[in-house]
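# Structural description and commentary
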Amino acid sequence: MQTPIDATRTPAWGKLTDLRSTFADGPHKLRRLFDADPKRAERYTLDLADLHVDLSKNLLTDEIRDALLDLADQTKVAERRDAMYSGEHINVTEDRAVLHTALRRPESDSLTVDGGDAVVDVHEVLKKVYDFADKVRSGEWKGVTGKPIRTVINVGIGGSDLGPVMAYEALKPYVQEGLECRFISNIDPTDAAVKTAGLDPETTLVIIASKTFTTLETLTNARCVRAWLLDGLVAAGAIEDTEEARRVAVAKHFVAVSTALDKVEEFGIDPVNAFGFWSWVGGRYSVDSAVGTSLAVAIGPKGFEEFLAGFHAVDEHFAAAAPERNVPLLMGMLNIWYVNFWKADSHAVLPYAQYLHRFPAYLQQLTMESNGKSVRWDGSAVTTDTGEIFWGEPGTNGQHAFYQLIHQGTRLIPADFIAVANPAHPARDGETDVHELFLSNFFAQTAALAFGKTAGEVRAEGTDEAIVPARVFPGDRPTTSIMASELSPKVLGELIALYEHITFVQGVVWGIDSFDQWGVELGKKLALQIAPAVSGDEKALESQDSSTASLVTWYRDHRR
């Protein structure tokens, strides 16, 4: 196992510390940088596949950029990237390869991992997923009463939910007419009740996504949905209330994304209708695997292939582009710059595209589950801050909610603004193109955050002196602008892969394993231990700490 390099002991880290100290001198740094370099926007704007990325409004100079790239070099980001691409077991705590990039490699490629060809395996599963999707979309796949499927329910949690639901919402204009997907993840019974409300069991297909088919939340919800569907079929007289009739109905209305075929069969699903994936695919990196089966049904195999092509284009760029033109590398290193040298705690992602309304939530898992670590991959303690709190909402809603904090608050919050030139639903309000008005806000916000407003400019507007300080905007709030022509399946794949590799870059610099998630496990195990106490087991209640016991007792006293 390669020992992680302590980034804080590299020459580049010392250089960046010095640059941060001198860069802090004086207000309106970005104004001065733009005034001094009329071609700054041109020099710091890069194209990555279909993405147009403007880094010019970041707190960045050529000297800072070069020092950041030196830091990436000195912490061996490129070497670690190549090891990941080649299938080395860089997930050291679980002794696994990390090969989400193999999920989108073309069929003509080959990659031997752990004695098998990962690319061959991937395309075998993809073919099976595509065949299934075609059958559902064409009406060939029918429910137990012979009716075609109209609604697909995806039951999963974490990466088995966040990715599919985000992508489905983002690509709704590409969903086949007459088909709908719904997603159940929360173990709160309300989620399943709301998502099944109004549905016809005869035209509903359920996908249960759980690699091990043991995930507590997923299997609990799966049983609830199974009961809803079977009881509904019986109540409607669609099937007889016999064990055999129910068994046949489950086989017609349930499929699985899992590798635990014995447990799949035990649930009542025909193992033929189980779509597998591999230990080298982490949940939060799995939307482009069989976990995305619901999306493949919704947008079709051709759309899903375009989705994968977007991922692959960014993978190729990250592998081959020169460091000074490598967008994921530069954006990852900029995040290091803000977290470790500007002490930024959070990072806003602000899509000016309503269909991307679940993208910030998706990135929360991708980034915070990956890099929320305090131990390096060799078991030693980290030597600096790691991770960021990712958050955000679509513009312009956010402008009327939290932008005040970003503009005039005391915390530095780097922000990524995302927009498309061509909306799915163009509209006019009289003489006004509504999308142009919408994007005027996109352009204005990054300019306002970068350049602010001086006291002199406020006074020149005739503002009363007493309120001049309240109307001053300091500026120098860093933003990255990402634009695309449209929000297509390919563009969405590019956006996801971009942030996957940004996350990877940060993890390497910090020396952490971005691909395990042991912090998720403790709460799960404790929940199983506490469950008997909640259900009335007095001995189990007595074994809890005093706070937990008190809360459980209050709950039991007040549960009707």
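Residues numbered from 1 in each chain as written. Predicted model: local features only at pLDDT ≥ 70, side-chain atom pairs only at ≥ 80, totals over all residues. Heavy atoms only, no water.

## What to know about the packing of aromatic side chains
Aromatic ring pairs are described here by two measures, namely the spacing of the ring centres and the angle between the planes. For the coordinates displayed, the defined rule picks out 27 aromatic pairs. Relative to Phe451, the ring of Phe34 has its centre 5.2 Å away and its plane inclined at 85°; by these criteria the two rings are edge-to-face. Placement of Phe34 in helix α2 (residues 29-36) and of Phe451 in helix α16 (residues 434-451) is noted, with a sequence separation of 417 residues between them. The partly exposed category is assigned to Phe451, whose relative accessible area is 21%. For the ring pair Phe132 and Phe275, a centre distance of 5.2 Å and an interplane angle of 50° mean the geometry is tilted. One end of the pair, Phe132, is in helix α6 (residues 118-138); the other, Phe275, is in strand β9 (residues 274-275), and 143 residues separate them in sequence. (Phe/Tyr/Trp six-rings, centres within 6.5 Å; stacked < 30°, edge-to-face > 60°. Helix = DSSP H or I, 4+ residues; strand = E, 2+ residues; numbered from the N terminus. Buried < 20%, exposed > 50% of the residue type's maximum accessible area, 1.4 Å probe, protein only.)

## Section: empty space enclosed by the protein
Per the counting criterion, the structure on display carries four cavities of 30 Å³ or more. If you add up the space inside the largest cavity, you get close to 70 Å³. If you go around the largest cavity, you meet 13 residues; those closest to its centre are Val125, Leu126, Asp288, Ser289 and Ala290. Secondary structure elements with two or more residues in the lining of the largest cavity: α6 and α12 (293-320). (1 Å grid on protein atoms, 1.4 Å probe; cavity = no way out; pocket = protein on both sides within 12 Å on 5 of 7 lines; lining within 4 Å. Points joined across faces, edges and corners; volume = space filled by probe spheres on them.)

## A short note on the sheet that holds strand β5 (residues 151-155)
Pairing is parallel across the open sheet formed by five strands, whose spatial order is β6-β5-β7-β8-β9. Looking along the sheet, the strands with just one partner apiece sit at the ends: β6 (180-184) and β9. Pairing analysis gives four bridges linking strand β7 (residues 204-209) to strand β8 (residues 254-257), with the strands arranged parallel. Within β8, the residue paired with Val206 across the bridge is Phe254. (Pairing = 2+ DSSP bridges.)

## As for the UniProt feature "active site" (unreviewed entry) in the protein
Those places that UniProt annotates as "active site" (unreviewed entry) correspond, in this numbering, to Glu369, His400 and Lys524. A maximum C-alpha distance of 37.1 Å is found for the annotated residues, which run over 156 residues; spatially they are spread out rather than grouped. In the annotated group above, the largest pocket draws its lining from Glu369 and Lys524. Position of His400 relative to the elements: it lies in the loop between β11 (389-391) and α15 (403-408). For Lys524, the location among the structural elements is in helix α19 (residues 519-534). Given a relative accessible area of 36%, Lys524 falls into the partly exposed group. (UniProt positions renumbered as here; feature names shortened; annotations may be inferred.)

## Things to note about the nonpolar core
Counting 125 residues, the largest nonpolar core has Trp280, Trp337, Phe359, Leu492 and Tyr499 as the members making the most contacts within it. Take this core: its biggest share by element is 13 residues, from helix α18 (residues 489-510). Judged by nonpolar contacts, the second largest core, of 25 residues, contains Val206, Val225, Leu229 and Ile239. (Core = buried A, V, L, I, M, F, W, Y, C linked by side-chain atoms within 4.5 Å.)

## Some thoughts on the layout of surface pockets
Taken as a whole, the largest pocket spans an internal volume of roughly 970 Å³. Forming the walls of the largest pocket are 38 residues, and the residues nearest its centre are Thr215, Gly283, Gln517, Glu521 and Lys524. Listing elements by their share of the lining of the largest pocket, those giving two or more residues are α7 (159-170), α9 (216-235), α14 (359-371) and α19. With five residues, α19 is the largest single contributor of residues to the lining of the largest pocket. By volume, the second largest pocket is sized at about 420 Å³. Taken together, 20 residues form the lining of the second largest pocket, with Gln354, Tyr355, Pro423, Ala424 and His425 sitting closest to its centre.

## Comments concerning the packing of α7 against α12
α12 packs onto α7 with a crossing angle of 80° between their chain directions and a minimal axis gap of 11 Å. Regarding the angle of α7 to α12, the classification is roughly perpendicular. Residues Pro164, Ala167 and Tyr168 of α7 form the contact with α12, whose own contacting residues are Ser294, Leu295, Ala298 and Phe307. For the contact of α7 with α12, the class distribution of residues is six nonpolar, one polar and no charged. (Axes fitted to C-alpha atoms, helices over the stretch in contact; angles between N-to-C directions. Parallel < 35°, antiparallel > 145°, perpendicular 65-115°, else oblique. Contact = heavy atoms within 4.5 Å. Nonpolar A, V, L, I, M, F, W, Y, C, P; charged D, E, K, R; others polar.)

## Brief notes about the pattern of salt bridges
Applying the stated criterion to the full structure yields 32 salt bridges. Across the pair Asp6 and Arg9 runs a salt bridge, and its minimum N-O distance is 3.3 Å. Among the salt bridges present, the one from Lys490 reaches Glu494, with a minimum N-O distance of 2.8 Å. Here the residue Lys490 and the residue Glu494 both occupy positions in helix α18, the gap between them amounting to four residues, near one helical turn. (Salt bridge = Lys/Arg side-chain N within 4 Å of Asp/Glu carboxyl O.)

## Overview of the pairing of strand β10 (residues 346-352)
Extensive coverage of β10 is indicated by the burial of seven of its seven residues. Of the two faces of β10, both are covered, the one formed by Ser346, Ala348, Leu350 and Tyr352 as well as the one formed by His347, Val349 and Pro351. Bridge analysis of β10 against β11 gives three bridges, and the strand direction is parallel. Directly across from His347, in β11, lies its bridge partner Phe390. Following the backbone out of β10, through α14 and into the adjacent parallel β11, one traces a crossover that is right-handed. With five bridges connecting them, β10 and strand β12 (residues 415-420) associate as parallel partners. (Right-handed = clockwise from strand over helix to strand, strands pointing away.)

## Considering unusual backbone geometry
Peptide bonds are mostly trans, and most non-glycine residues show a negative phi. Along the chain, Gly395 connects to Thr396 via a cis peptide bond; the corresponding omega equals 5°. One can find Thr396 in the loop between β11 and α15. Non-glycine residue Asp95 carries a positive phi angle of around 50°. A relative accessible area of 53% places Asp95 in the exposed class. For Asp114, which is not glycine, the phi dihedral falls at a positive 50°. By the secondary structure assignment, Asp114 is in the loop between β3 (112-113) and β4 (116-117).

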